[in-house]
Amino acid sequence: AEIPQALEIADKLGDWVYNRLSRLPHHVLMKMWSLYIAGEFGGMNDVMARLYGITGKEIHLKASRMFDNDKLFFPLSQKIDALDTLHANQHIPQIIGCMKLFEVTGEKRYYDISRFFWESVTKDHIYAIGGTGEGEMFHGPEEIGSLLSKNTAESCASYNMLKLTKELFKYEPVSSYMDYYERTMFNHIASSCEHAPTGASTYFMPLAPGFHKEFDDENSCCHGTGLESHFKYTEAIYFTDRNSIYVNLFIPSVLNLEDIEVRQEISPFLPEQVKIFVKRTGNRDLKIRIPYWCKGDYQIKLNGEKVEAEKLSDGYCKISGVENSEIELAFSCTLRLERTPDKPEVAALCYGPYVLAALTEEEDFLHLCLTEENLENMVRKEENLHFICGKTVFVPLYSICHERYQVYFKI
């Protein structure tokens, strides 16, 4: 807000942080930051790097570096996944701080640490909904099917993973970042809000069979970020640079800037059909993400005529000269099973970007005769995303509030 008194206060607070921590030898700092929970300093490295970006005072940059956590940073710098037994949301904000340090210093090691951390988490430590951690903790790589409890997927962790994803995308705009962003936002963040106007949200997203969401309306880390999350749905739909407009997420929305106006129309029950109305582009190309769930062909029509868009290596397709145009996208979209890596007989059912959950009171895993080959035999109720397998009804997880459900089942 450019209030001088606010900067003066922040400046002096930054000085205090440096003066306090600079008295301590390195090994004491490392002991502090490695303590479970007690070492949860949040985004202090991010804060101090941001302050340095404003004040230019070297002590603020030095203070930011004092929060470098060797226990986390060193193995990541060697491309070693050493996340097992670490408290998940104690460490994700530290990586966001790495990205800020990279921004203000240009030291690529901070970027490399951040990128490898993101790759490790999203490749080997996430559930189908995009959430990570069980009992707030990281566990061994690919331990998913063996860690299905009522204390899975802390909401704070997804909140911060999305922040990290967005920062990485700014430097390397590839579709894999937004594939993860879409998965997590639609299936964890959107699922975490109580449907009644209470402001309550989930702390954990239970993935054990037969559990239900428990909503927290009192002060907690996940309630604080839970409130904030539901004001952030627009954040990553579009990105722009000097040459391109990125359409990352398929959500009814309008991008209206000085020289850009783009509008999307999508039915929540037909995620595979997208309409984009382009009025102004400021002489930029339109880059549209080809979603990970589109396993077959896709069609693009420009003003009613089928066109061949240039498919790029970054996972986007590019269309040029689209001012005052209507674009229709039709992605191939089918049911699919996502098996857990450690227990391939345990799987989740998905349709397009949505994770589906079986409505059931059963607290033992459902056993369903589903395979990749017979999914097309499931019955879909008209005009919604309800699918029926025998007597079991599957619905999108985000549409469930207090009902009991199973996201994972045995096949």
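The preceding data block contains the structure.
Note that this is a predicted model, so its numbers are computed, not measured.

Enquirer: Would you mind showing me how to read the overall build of the protein here?
Expert: Helix and strand counts for the protein stand at 10 helices and 21 strands. Taking 411 residues into account, the globule formula puts the C-alpha radius of gyration at 22 Å, and the protein, at 23 Å, falls close to it. Projected onto the principal axes, the alpha-carbon positions of the protein cover approximately 70 × 55 × 45 Å. The buried share of the protein, reckoned over its 411 residues, is 54%. Contacts in the protein between residues at least 24 apart in sequence constitute 67% of all its contacts with a sequence separation of at least 6. Surface accessibility of the protein: about 18900 Å² in total, with carbon and sulfur atoms responsible for 52%. Computing the positive centroid from 43 side-chain charges and the negative centroid from 60, the protein places the two 4 Å apart.

Enquirer: What's the story with the side chain of Thr392 in this structure? I'm lost.
Expert: Relative to the helices and strands, Thr392 resides in strand S19 (residues 392-396). Residue class for Thr392 comes out buried when judged on its relative accessible area of 13%. Not counting residues within four places of it along the chain, the set of residues in contact with Thr392 comprises Ala358, Leu366, Leu368 and Phe387.

Enquirer: Mind showing me how you'd approach the pattern of salt bridges here?
Expert: For the structure shown, the criterion picks out 27 salt bridges. Across the pair Arg336 and Glu338 runs a salt bridge, and its minimum N-O distance is 3.1 Å. The pair formed by Arg336 and Glu338 is uniform in burial state, with each residue classed as buried. Several salt bridges share partner residues, and in doing so they unite Arg65, Asp68, Glu107 and Arg109 into one network.

Enquirer: Help me understand the sheet that holds strand S10 (residues 305-307) in this model?
Expert: Pairing within the open sheet is antiparallel, and its six strands lie in the order S5-S6-S7-S13-S9-S10. Of all the strands in the sheet, just strand S5 (253-256) and S10 have a single pairing partner and so form its edges. Pairwise comparison of adjacent strand axes, ignoring direction, gives a mean angle of 20° for this sheet. Judged from the six bridges that link them, strand S6 (residues 261-266) and strand S7 (residues 273-280) form a sheet pairing that is antiparallel. Paired with Val262 across the bridge in S7 is Val278.

Enquirer: Which parts of the structure should I look at to understand the environment of Gly282?
Expert: By the secondary structure assignment, Gly282 is in the loop between S7 and strand S8 (285-289). Put simply, Gly282 and Glu258 are 24 residues apart on the chain and 8.7 Å apart in space, counted from C-alpha to C-alpha. Once you skip the residues sitting within four places of it in the chain, Gly282 turns out to touch Asp259 and Glu323.

Enquirer: Just checking my understanding: could you explain the packing of aromatic side chains for this structure?
Expert: A full pass over the atoms with the stated rule returns 20 aromatic pairs. Each ring, one from Phe117 and one from Phe138, has its centre 6.2 Å from the other, and the planes form 75°; the classification is edge-to-face. Within this pair, whereas Phe117 is found in helix H7 (residues 108-124), its partner Phe138 is found in the loop between H7 and helix H8 (155-171), the two being separated by 21 residues in sequence. The class for Phe138 is buried, based on a relative accessible area of 1%.

Cut-off values and rules
- Residues numbered from 1 in each chain as written.
- Predicted model: local features only at pLDDT ≥ 70, side-chain atom pairs only at ≥ 80, totals over all residues.
- Heavy atoms only, no water.
- Helix = DSSP H or I, 4+ residues; strand = E, 2+ residues; numbered from the N terminus.
- Rg over C-alpha atoms; globule rule 2.2 N^0.38 Å.
- Buried < 20%, exposed > 50% of the residue type's maximum accessible area, 1.4 Å probe, protein only.
- Contact = heavy atoms within 4.5 Å.
- Areas by Shrake-Rupley, 256 points an atom, 1.4 Å probe, with all protein chains shown as cover.
- Lys, Arg positive; Asp, Glu negative; His and termini not counted.
- Charge placed at Lys NZ, Arg CZ, Asp CG, Glu CD.
- Salt bridge = Lys/Arg side-chain N within 4 Å of Asp/Glu carboxyl O.
- Pairing = 2+ DSSP bridges.
- Axes fitted to C-alpha atoms, helices over the stretch in contact; angles between N-to-C directions.
- Phe/Tyr/Trp six-rings, centres within 6.5 Å; stacked < 30°, edge-to-face > 60°.

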